2 protein chains.
Amino acid sequence: MKLTEMSAEELASFKAEVQKKYDDFKAQGLSLNMARGKPSAEQLDLTEGLLTAVKSSEDCFAEDGTDCRNYGGLDGLPEAKALFAPMLGVTPDELIICGNSSLNIMYDTIAKFMLFGTGDGEKPWKDTKVKWLCPVPGYDRHFLITEKMGFELVNIPMDKNGPDMDMVEKLVAEDDTIKGIWCVPMYANPTGTTYSDEVVKRLAAMTTKAKDFKIFWDNAYCIHHLSDTPDTLLNILDECEKAGNPDRVYMLASTSKVTFPGAGVAMIASSEKNIKYLKSMMTVQTIGYDKINQLRHVKFFGTYENLMEHMKKHRAIIEPKFKIVLDTLEKEIAPLGIGSWEKPNGGYFISFNALNGCAKRICQLCKEAGVVLTGAGATYPYGKDPDDSNIRIAPTFPPENELKVAADVFATAVKLASAEKLLAE
Amino acid sequence: MKLTEMSAEELASFKAEVQKKYDDFKAQGLSLNMARGKPSAEQLDLTEGLLTAVKSSEDCFAEDGTDCRNYGGLDGLPEAKALFAPMLGVTPDELIICGNSSLNIMYDTIAKFMLFGTGDGEKPWKDTKVKWLCPVPGYDRHFLITEKMGFELVNIPMDKNGPDMDMVEKLVAEDDTIKGIWCVPMYANPTGTTYSDEVVKRLAAMTTKAKDFKIFWDNAYCIHHLSDTPDTLLNILDECEKAGNPDRVYMLASTSKVTFPGAGVAMIASSEKNIKYLKSMMTVQTIGYDKINQLRHVKFFGTYENLMEHMKKHRAIIEPKFKIVLDTLEKEIAPLGIGSWEKPNGGYFISFNALNGCAKRICQLCKEAGVVLTGAGATYPYGKDPDDSNIRIAPTFPPENELKVAADVFATAVKLASAEKLLAE
């Protein structure tokens, strides 16, 4: 029976029962975490061989004879570019292999656009008002970068095809202070959405009033499939080129959830013109990134096919974890009609929409029962979810036995918060 | 006989002889390099053990249980801080262990001050005119960062005690747009100078009209001694604290010339207040730096004492190289009175001052004979040496046999350029 269809009496009795179950959980003194998209220790073990992929001085030489132990190599080893270029569907000349964090590249690139402009002949962004489009729900760390830069963040609702393109097209056509948009185009954080071909084409082709409008295409989960029939994503760099906007997009990726978060390699891809411009600024900033770690990745994987096989091992570990959470939601929440979610085909998250006004309370209840979730509101700019509805669930890190309990606590908290809300109405 | 004391006839005959020797070198089709301060392959071999210092999943755990393979740890591993804190003479709370490049930290920190200010309540530097003091000759990559930011660079002459403090004190007292100074305080690049205690104290204590004046204290060569009686440097963070200017200085260092350039660890130190401020901005930029590589360094060295022993092995390799260049200069140039230099007690360079107006010509002659030097002028802001006199010699990279030839070519080029100049007068 749906909770919204219950009489006040039925609801009160439902709540009393749930409260009891919740109090039992609370009494257990749990300490569980479904907050961040972190690989589990078991996943990290898959990459143990990376640690010794370069183990002697002789191992340190690149194919072109470069001694990777010494200075040089601003834009990355050629063989590292060759290995990772297919991941983003670009040529090596459209790619820079950087350090350990794609988030850092994004921050850094936007900071460069602030200080020096985008290289399109327009003013540096520090000298102009900037608004930024933020598909919601989305990734809190993206929003934080553009918030810190002082941009005005504009919410764009996500649907099952990606951001609301009618809204995006209208806004960018009429407002030249809108300089960019955050996109996680495949298995989006947190909704799991992969942008439809139409959305990609419209993003590439739309008319923007700002001449220096940029798409930050954070393809963090491009090879993180959880299905035998994975989603497919159109190559936006190609589409931008075709549409006559070749310099519109910067693509990002990393091996943070492929090898080791914080000790992997990250990369940025764009048109050759943009890459040349980025390099002209990077050369002031650094002599080069960690080439030995790039070489470790090259030697560990060898080929792109091996990299794909490696990702299947990740899937084997995390797919059952997604199933635990999804089964719990299906069994405990679906019949009550007090939440909605999608089964993602890949990525790291399940996006849960509670009854409006319940997300904060659910997170609070979970926290008090020892289950940490990403704070309610985090999936929106400024941490403000106008509906107080969305919660991002990250099932990958905890072991399965802990995850089972955490999912049960979560379902119990959803029930309790929903009953509280309906009783108060 | 000094070249300046020769008659026109003697000079012409001297030049003819040198020209012949130069032409002989040129005919050999040499390809030698004394341009950049790079460790040699033999030095890099000293650190081979670093590659396998972390070789299994079990090795990846920090003392506090942190799994270094996963996200987290914004400011560096506690044991990495403990290992490197003595190098800069700071406490772990005054230190952040970052990625692979101290140059990147410097660029990044100044970019943050541009965008967000220094945290002293003054305007972000993007919103004000900024002048920057550059002790000369100095490090080209320092100058380039501040040039790129649009600062006006002000030359400050170096003497054997460090920068000309009378000039520095006068300038900073009267001009509130002077926001900072570059310093390589120990075995300076390129002069080899170590700042005297008096200079350090005056930098720490001087009255600056700008409330947000900052010293970038790039202590790149703090443990790179080439003598049994190494120079000593006063701790400027302590001196700033004593003088009532606790937040004035940012200290930088890295293991680029200790372990692997580009695959080492870099660090920044300052007052606890400044470190807290930096972290508040860094947390927007990244989740954390490469902790596995930090752990490699911790396991490879173990103790600060071992790190000091390691540096003695570097010295054993590079000291003979400095001797080759210094002996050649002493033998070939000193009697002629056409150049001056100092024997450095540490660091990576020999700073050579030619007769005014000869540096470019010397570099050109060397280049045409197959010996690459750092371009003349590089040791000055905007690449402009007003006297066209200073040349930075980097003796560490070439093998000894090559270095011997390169030093001979250099001495020959100095003689030829000097004779050309004197004949033209």
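Nothing here was measured: the structure is a model prediction, and the numbers come from that model. One numbering rule holds for all chains: residues counted from 1, following each sequence as written. Labels follow written order: the first chain is A, the first ligand is 1, and so on. Selection of residues for local features in this predicted model requires a pLDDT of at least 70, selection of side-chain atom pairs for listing and counting requires 80 or more, and totals for whole chains, interfaces and linings are taken over all residues. Derived side-chain values reflect all non-hydrogen atoms in the structure, with water molecules and hydrogen atoms excluded from consideration.

Each partner contributes to the interface: chain A provides 57 residues, whereas chain B provides 57 residues. For any pair of parts, buried area is found by adding up, for both, the accessible area (1.4 Å probe) each one loses once the two are put together. Taken together, both faces of the contact between chain A and chain B bury some 4900 Å²; the carbon and sulfur share is 57%. Looking only at chain A, the three residues that lose the most surface to chain B are A:Arg69, A:Tyr71 and A:Val284, adding up to 15% of its buried area. Salt bridges, as used here, are contacts in which a Lys or Arg side-chain nitrogen is within 4 Å of a carboxyl oxygen on Asp or Glu. One can count two salt bridges joining chain A with chain B. What qualifies as a polar contact is a pair of N or O atoms within 3.5 Å, subject to a donor-acceptor requirement within protein and to the restriction that residues adjacent in sequence count only when both atoms come from side chains. On the surface where chain A and chain B come into contact, there are 14 residue pairs in polar contact (both at pLDDT 80 or more). Secondary structure elements are defined from DSSP: runs of H or I of at least 4 residues count as helices, runs of E of at least 2 residues count as strands, and each element is numbered from the N terminus. Those elements that place two or more of their residues in the side of chain A that touches chain B are helix 2 (41-45), helix 4 (102-116), helix 5 (140-148), helix 9 (272-285) and helix 10 (291-301) of chain A. Take the side of chain A that touches chain B: its biggest share by element is nine residues, from helix 4 of chain A. In this analysis, two residues are considered to be in contact whenever any of their non-hydrogen atoms come within 4.5 Å of each other.

Okay, the packing of helix 4 of chain A against helix 9 of chain A next. All names here are of chain A. Viewed as axis vectors pointing N to C, helix 4 and helix 9 meet at an angle of 95 degrees, and their least axial separation amounts to 11 Å. On the basis of the axis angle, helix 4 is roughly perpendicular to helix 9. When helix 4 is examined against helix 9, the residues Asp-108, Thr-109, Lys-112, Phe-113 and Phe-116 are found in contact with a partner set consisting of Tyr-277, Leu-278, Met-281, Met-282 and Gln-285. For this classification, the nonpolar set comprises Ala, Val, Leu, Ile, Met, Phe, Trp, Tyr, Cys and Pro, the charged set comprises Asp, Glu, Lys and Arg, and every other residue, Gly included, is treated as polar. A per-class count over the contact of helix 4 with helix 9 returns six nonpolar, two polar and two charged. Convention adopted: a line fitted to C-alpha atoms gives each axis, helices being fitted over their contacting stretch, and angles between N-to-C directions are expressed from 0 to 180 degrees. By the definition adopted for this analysis, an angle is roughly parallel if under 35 degrees, roughly antiparallel if over 145, roughly perpendicular if from 65 to 115, and oblique otherwise.

Residue and element names in this part refer to chain B. Burial here depends on accessible area, computed with a 1.4 Å probe over protein chains only, as a share of the maximum for the residue type. Under 20% is buried, over 50% is exposed, and the range in between is partly exposed. Here strand 13 (residues 390-393) shows no split at all, with Asn-390 and Arg-392 on one side and Ile-391 and Ile-393 on the other all buried. By definition, two strands form a pair when at least two bridges between them are found by DSSP. The pairing of strand 11 (residues 350-354) with strand 13 spans four bridges and is antiparallel. Looking at strand 13, one finds that Ser-351 is bridged to Arg-392.

So, on to the domain arrangement of chain A. Residue and element names in this part refer to chain A. Split into domains, chain A comes out as domain 1 (3-44 + 308-424) and domain 2 (62-302). Put simply, the middle of domain 1 and the middle of domain 2, counted by C-alpha atoms, are 30 Å apart. The interface is formed by 29 residues belonging to domain 1 together with 35 residues belonging to domain 2. For the pair domain 1 and domain 2, the two sides together bury roughly 2700 Å², of which 61% comes from carbon and sulfur. Applying the counting criterion to the domain 1 and domain 2 interface returns two salt bridges. For the domain bounds, the source is a domain assignment made automatically or taken from a database.

Turning our eyes to something else, we now look at the pairing of strand 9 (residues 266-269) of chain B. Residue and element names in this part refer to chain B. Residues Ala-266 and Ile-268 of strand 9 are buried on one face, and the alternating residues Met-267 and Ala-269, pointing to the opposite face, are buried as well. Where strand 2 (residues 95-97) and strand 9 come together, three bridges link them in antiparallel fashion. Bridge pairing links Leu-95 to Ala-269 in strand 9. Direction of pairing for strand 8 (residues 249-254) relative to strand 9: antiparallel, over a ladder of four bridges. The residue of strand 9 that forms the bridge with Ala-253 is Met-267.

To continue, consider helix 4 of chain A. All names here are of chain A. With 15 residues, helix 4 ought to run about 21 Å at 1.5 Å a step, and its terminal C-alpha atoms sit 20 Å apart, in line with that. Taking burial as the measure, the 15 residues of helix 4 include 15 buried ones, the bulk of the element. Its side-chain oxygen at 3.4 Å from the backbone nitrogen of Leu-103, Ser-101 defines the N-terminal cap of helix 4. Downstream of helix 4 by one or two residues, Gly-117 has phi in the positive range, about 80 degrees. Expected span, for any helix, means 1.5 Å times one less than how many residues it has.

What follows deals with the side chain of A:Thr374. Residues and elements named next belong to chain A. As for its placement among the helices and strands, Thr-374 is situated in the loop between strand 12 (371-373) and strand 13 (390-393). In terms of polar contacts, Thr-374 uses its side chain to reach the backbone carbonyl oxygen of Ala-35, at 2.5 Å. In contact with Thr-374, other than residues within four places in its own chain, are Met-34, Ala-35, Arg-36, Asp-140, Cys-363 and Arg-392.

Turning our eyes to something else, we now look at the sheet that holds strand 7 (residues 214-218) of chain B. Consider a sheet: its strands pair through backbone hydrogen bonds, and that pairing is either parallel or antiparallel. Residue and element names in this part refer to chain B. In space, the eight strands of this open sheet follow the order 2-9-8-7-6-3-4-5, with mixed pairing throughout. Edge positions in the open sheet fall to strand 2 and strand 5 (162-163), since each of these has one partner strand only. Where strand 3 (residues 131-136) meets strand 6 (residues 178-183), three bridges bridge the pair, whose relative direction is parallel. Looking at the pairing, Trp-132 lines up with Gly-180 of strand 6. Strand contacts of helix 6 (residues 165-174): strand 3, strand 4 (152-159), strand 5 and strand 6, with the helix running at about 150 degrees to strand 4, the strand carrying the most contacts.

For this overlay, a least-squares fit was computed on C-alpha atoms, restricted to residues scoring pLDDT of at least 70 in both copies. For the match of chain A to chain B, the screw axis carries a shift of 0.0 Å, the RMSD comes to 0.0 Å, and the turn is 180 degrees. Taken together, these values place the two copies in the relation of a two-fold axis. Ranked by how close their C-alpha atoms come to the rotation axis, the residues of chain A are headed by A:Thr52, at 3.2 Å.

All right, on to the packing of aromatic side chains then. Within 6.5 Å between ring centres, the rings of Phe, Tyr and Trp (the latter by its six-membered ring) count as paired, and their orientation is classed by plane angle as stacked under 30 degrees, edge-to-face over 60, tilted in between. Taken as a whole and judged by the stated rule, the model has 32 aromatic pairs over all chains. Plain terms: the ring middles of B:Trp132 and B:Phe216 are 5.9 Å apart, the flat faces sit at 55 degrees to each other, and that makes the pair tilted. Of this pair, B:Trp132 sits in strand 3 while B:Phe216 sits in strand 7, and the two are 84 residues apart along the sequence. When sorted by exposure, B:Trp132 lands in the same class as B:Phe216, which is buried. Taken together, the ring pairs connect A:Phe113, A:Trp125, A:Trp132, A:Phe151, A:Trp182, A:Phe216 and A:Tyr250 into an aromatic cluster. In this arrangement the basic side chain of A:Lys148 is found over the ring face of B:Phe116, its NZ or CZ atom lying 4.7 Å from the centre. Here, over-ring charges are defined by two tests on the NZ atom of lysine or the CZ atom of arginine: distance to the ring centre within 6 Å, and angle to the ring normal within 35 degrees.

Before going further, it helps to spend a moment on the environment of A:Lys179. All names here are of chain A. Along the chain, Lys-179 turns up in strand 6 (residues 178-183). Take Lys-179: its relative accessible area is 6%, and that puts it in the buried class. A C-alpha to C-alpha distance of 43 Å links Lys-179 and Leu-416, two positions 237 residues apart in sequence. Beyond its immediate stretch of four places on either side in the chain, Lys-179 contacts Trp-125, Thr-128, Val-130, Lys-131, Trp-132, Ala-210, Asp-212, Phe-213 and Lys-214. A polar atom in the side chain of Lys-179 sits 2.8 Å from the side chain of Asp-212.

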